[in-house]
Protein chains: 2
Amino acid sequence: MSILLLIFVFVVWSHNVRNSMANGVTLESLRLSLIRQEDTIIFGLIERARFPTNSPTYNESYVSTPTFSGTLVHFVVKETEALQAKAGRYANPEEHPFFPDNLPPSVVPPYNFTEVLYPPAASININKDIWDMYFKKLLQLFVAPGDDGNYASTAASDLVCLQVKVHALSRRIHYGKLVAEVIFRESPGEYEPAIRAKDRDALMKLLTFESVEEEVKRRVAKKAMVFGQEVTLNNDDNKGKYKVDP
Amino acid sequence: MSILLLIFVFVVWSHNVRNSMANGVTLESLRLSLIRQEDTIIFGLIERARFPTNSPTYNESYVSTPTFSGTLVHFVVKETEALQAKAGRYANPEEHPFFPDNLPPSVVPPYNFTEVLYPPAASININKDIWDMYFKKLLQLFVAPGDDGNYASTAASDLVCLQVKVHALSRRIHYGKLVAEVIFRESPGEYEPAIRAKDRDALMKLLTFESVEEEVKRRVAKKAMVFGQEVTLNNDDNKGKYKVDP
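Quick caveat, the model's predicted, so the values are computed rather than measured.

Q: How do you make sense of the relation of the copies chain A and chain B when you look at a structure like this?
A: Each of the two chain copies goes to the other by way of a rotation about an axis and a shift along it. Relative to chain B, chain A is turned by 180° and slid 0.0 Å along the rotation axis, the superposed coordinates differing by an RMSD of 0.1 Å. The superposition operator between the copies reduces to a two-fold rotation axis. Of every C-alpha in chain A, the one belonging to Phe227(A) sits nearest the axis of rotation, 2.7 Å from it. When the interface residues of chain A are mapped onto chain B, 100% of them again lie at the interface, so the same face is used by both copies.

Q: How should I be thinking about helix α9 (residues 210–228) of chain A in this particular structure?
A: Residues spaced three or four apart along an α-helix face the same direction, because each turn holds 3.6 residues. In this model, α9(A) (19 residues) spans 27 Å end to end at C-alpha, consistent with the 27 Å of a helix rising 1.5 Å per residue. If you check which residues of α9(A) are buried, you get Val216(A), Arg219(A), Val220(A), Ala221(A), Lys223(A), Ala224(A), Val226(A), Phe227(A) and Gly228(A).

Q: Mind showing me how you'd approach the packing of aromatic side chains here?
A: The way to describe two aromatic rings as a pair is by their centre distance and the angle between their planes. Residues and elements named next belong to chain A. In the structure shown here, the tally under the stated rule is 19 aromatic pairs over all chains. With a centroid separation of 4.9 Å and an interplanar angle of 85°, the aromatic rings of Tyr134 and Phe135 are classed as edge-to-face. Across the pair, exposure class does not vary: Tyr134 and Phe135 are buried alike. Members of the aromatic cluster, each reached through a chain of ring pairs, are Tyr58, Phe98, Phe99, Trp131, Tyr134 and Phe135.

Q: Help me out: how do you make sense of the confidence of the model for chain A in this one?
A: Interpretation of this model should avoid reading the predicted coordinates in detail wherever pLDDT is low. Residues and elements named next belong to chain A. On average, residues of chain A carry a pLDDT of 76, and 72% of them reach 70 or more. For chain A, the element scoring lowest by mean pLDDT is strand β1 (residues 21–22), at 40; helix α3 (residues 72–86) scores highest, at 94. Predicted confidence for residues 1–23 stays below pLDDT 50, and this span has 71 contacts to residues more than four positions away or in other chains. Interface confidence in the predicted complex, given as ipTM, is 0.71; pTM for the same model is 0.74.

Q: Looking at this structure, I do not really get the state of the cysteines. What am I missing?
A: Here a disulfide denotes a covalent bond joining the sulfur atom of one cysteine to the sulfur atom of another. Within this structure, the stated rule accounts for 0 disulfides over all chains. Here Cys161(A) is not disulfide-linked; the sulfur of Cys161(B) is the nearest cysteine sulfur, at 16 Å. Judged by its relative accessible area of 1%, Cys161(B) falls in the buried class.

What counts as what
- Residues numbered from 1 in each chain as written.
- Chains lettered and ligands numbered in written order.
- Predicted model: local features only at pLDDT ≥ 70, side-chain atom pairs only at ≥ 80, totals over all residues.
- Heavy atoms only, no water.
- Least-squares fit on C-alpha atoms with pLDDT ≥ 70 in both.
- Contact = heavy atoms within 4.5 Å.
- Helix = DSSP H or I, 4+ residues; strand = E, 2+ residues; numbered from the N terminus.
- Expected span 1.5 Å × (residues − 1).
- Buried < 20%, exposed > 50% of the residue type's maximum accessible area, 1.4 Å probe, protein only.
- Phe/Tyr/Trp six-rings, centres within 6.5 Å; stacked < 30°, edge-to-face > 60°.
- pLDDT = per-residue confidence, 0-100.
- Disulfide = S-S within 2.5 Å.

If you want it as C-alpha cells, here you go:
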C-alpha cells in the first residue's frame, strides 16, 4: 500500500471547505493553513525516515526506571508534553496532548487564544486512534528496517510527526461542525431529509466533494515527490529516487 | 542579506572531503550524510518560519517560576535536553547538548556507538557560537514579524533547528581532523612549509577547494527553492513564491 493513502487519511478531511466567514474565521484562510500543514506532515515523515525502525524505541522491556513503565517513545512523548505544558503549549485550544492527565501548570502568562468552536467539538479527542494508526500502520510503510542506536532521536522524530497530525486533525475537528453548518445554511432543503432520517452516509456524501478529495490526493503525492527528491545540481541523475515512497 | 549565506556557514565546512577510508569510516558516506543534513536544516528553517517572531519566547521577563530564570526558549531547550538525556540521546558522541551541566543519567541500556575520533576533536564544543548566531543573526532573516501566542511551539521549532545544526557541525568537527590528515598524507610535501610556519590561512587554503564550496552554495540555494515552493497541481501560479527567501 502506498504511503499516500495513509497521509491522505490525515489530510483529506481537512478540505471541502467553501469560502465563507463565521465567527471571524475565514474558511479560505483555514483551507490555506491546512494545505500548508500537508507540507509539515510530509517534512515530518521524511525526517523520521532518516532513522531506521530502531525497534527498542517501541519495546517496553527496554526502559528501566522505577518511576516509569512503558516504551521509550511513550516516555519521551509524555515527558516532552509535561515540559511543553509548563511552557504554555496547551493553552492553545488547537493543541491536544496525548497524555493529558496530571500535566503540570503553565509557568507563562495566559495568552488570549480565540476559541471559535462549540464546546462539544472541543471535547472530541481522537489522539488514541492517531497514536495506534501511526505506530501500528503508518510507521512500517516508510521506515527502513534496521537499528542505529539513535532511539531518543527516533522517539523525538515520532513526536514531531504525531504532534503535527494532532494539530492538523484538531483544526479539522474544531472547524468541522462550523463548515458543515455553513454548507447546510447555503441550501438547507438539500440536507433536511437526511438529517431527519439520521442517515450518516447520505449526509457525509452531501457534505464532501469527491473532486476536491481527488485534488488533495494528487497534490499530496506531488508534494511527497517534490520534497522527497534528492536535489542535486544535475537532477537527471536522480529521477525517480525519493526519500519516502510517494 | 540572503538566508543562503547563513545556511552556507552551517553546511559549507561539511564538504571538501575526498573518497577515502580511515578507521572504518568511508568519507564518501560521510559526504552523502552531510548532503542529506542540508535537507534537514532547510526543513527545520521552513518549519520555524510557520510561526512569526513571537518575541516573548526570547524575553527573560516572560517566564515566571521560582526554579528557573531565563527565556522560554532557554527553559524549553534545557528541559528537553534533560529528558532526552534520560532517554539516552547523549550516549551518541555526535550529539552535544547546549546545557551539558547536571544532565540526569540515562534510563536505557548503553548502545555501543563507535567513537572514530581523537579525544581533542571530541572535546571541541562550539554550541555557544551556534546559539548566538542562530538567535542574533539567522532568526530575523527568515521569520515574519508578529505574535500568534504559540511560544512553546516556537521554542520547540527553534530547538529542532539548533539540534540539527549542532549535529551537522559536530560531525564536521569530529571528522575534520581526520579529513585533514588524509588530505595531508596524500601529498605531505605540499603542506609541510605551511605547517612549519604555523600559517593558518595558507593551510586553510590548501585544505579547502573553492569549486566544491561553490557547488555547495548553489545546491543549498536550489534546495531552499525546491523545498520552500508552494506545491500546487498547477505550479505556474506560484513561480517565484517561496516560504523562506532562498
